[in-house]
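Summary of structural features
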Amino acid sequence: MKIVFATNNAHKLEEIRQILSGTGIEILSLGDIGCHDDIPETADTLEGNALQKAKYIYDKYHMSCFADDTGLEVDALGGAPGVYSARYAGGAGHDSEANMAKLLCEMRPFTDRKAAFRTVICLILENASQPVTFEGKVDGEITTCRHGAEGFGYDPIFRPEGYTETFAEMGGEVKNRISHRARAVARLAEYLKEKAKAQ
C-alpha cells in the first residue's frame, strides 16, 4: 500500500518511516509526488490543521494521504503553545531554539511543570466516504534547561512520565516506541492493516 504523508518536515517523515517499517506500507513524501507547495495550516486546532493539510493533498493529487499536527500543551500556560508550538517564538520558519528559549522563560515562575505532547493524524483514503482521525498523547513535564542532542523541536526540554531522560537524551529508537506520534501512528497502522486485510 502506498500512501502520501503530507509534511515538509524531514524529521517527521523519517520518524514515520521508521515506525511503519516492515508493515508493507510505503510512505511517499511530498517530494516523491512532485508537490513543493507551502501547504496551509491556518486552523486553530490540531485536528483542523491535520484535516486541512490532508484535504489539500487529496483534492490536488487524488491519492490516499495523511497529515498530522502536533502540539505541546503546558498546564501552567493554559495549554499553550498548543497549535502554535512550531511558531511559538514568532518569526519566519520553525526556530526550535527560539521556541524553547521562550517556553523556558515563560515557565520560570511556575513549579507546576506538567505538560503533554499530542499528535492528531487525519487520513483520507481513495474512495473513502470521509476522513478518519487518530490521536496519540504522552504526558510528561518541562525541564528547567535543555538536556540531550537527539530529536528535534522541544525534545531537549520534555521529559515523558516514568522516565528520567528527555526525548532528546533517550535516542530515536526509544522515543519512537513511546512518543505521541508513535501512539497515533500505531493506531493509523492498525487501521490500514485491517483495511488491507479486508480488500
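Above this text sits the structure in question.
What this report covers is the structure whose coordinates are included nearby. (Residues numbered from 1 in each chain as written. Predicted model: local features only at pLDDT ≥ 70, side-chain atom pairs only at ≥ 80, totals over all residues. Heavy atoms only, no water.)

What follows is about the pattern of salt bridges. Applying the stated criterion across every chain, the model contains 15 salt bridges. Here arginine 146 ties to glutamate 97 by a salt bridge, and the two come within 3.2 Å at their closest N and O atoms. Of this pair, arginine 146 sits in the loop between β6 (132-142) and β7 (158-160) while glutamate 97 is found in helix α3 (residues 96-107), placing the two residues 49 residues apart along the sequence. Among the ionic pairs, glutamate 141 bridges to arginine 159, the shortest N-O distance being 2.6 Å. Pair noted here: glutamate 141 is in strand β6 and arginine 159 is in strand β7, with a separation of 18 residues, a long-range link. Residue class for glutamate 141 comes out partly exposed when judged on its relative accessible area of 33%. In the salt-bridge network here, residues are joined through shared partners; they are Lys12, Glu15, Asp68, Asp155, Lys175 and Arg181. (Salt bridge = Lys/Arg side-chain N within 4 Å of Asp/Glu carboxyl O. Helix = DSSP H or I, 4+ residues; strand = E, 2+ residues; numbered from the N terminus. Buried < 20%, exposed > 50% of the residue type's maximum accessible area, 1.4 Å probe, protein only.)

Here the focus is the packing of helix α1 (residues 10-20) against helix α5 (residues 180-198). Packing of α1 against α5 leaves a shortest axis separation of 10 Å and a crossing angle of 50°. Overall, the two elements α1 and α5 adopt an arrangement that is oblique. The way α1 lies across α5 gives a crossing that is right-handed. Across the interface between the two elements, Lys12, Glu15, Ile16, Ile19 and Leu20 of α1 pack against Arg181, Ala182, Val185 and Ala189 of α5. Its residues placed into classes, the contact of α1 with α5 shows six nonpolar, no polar and three charged. (Axes fitted to C-alpha atoms, helices over the stretch in contact; angles between N-to-C directions. Parallel < 35°, antiparallel > 145°, perpendicular 65-115°, else oblique. Left-handed = near helix turned anticlockwise from the far one by under 90°. Contact = heavy atoms within 4.5 Å. Nonpolar A, V, L, I, M, F, W, Y, C, P; charged D, E, K, R; others polar.)

As far as function goes, none of this settles anything; it's purely spatial.
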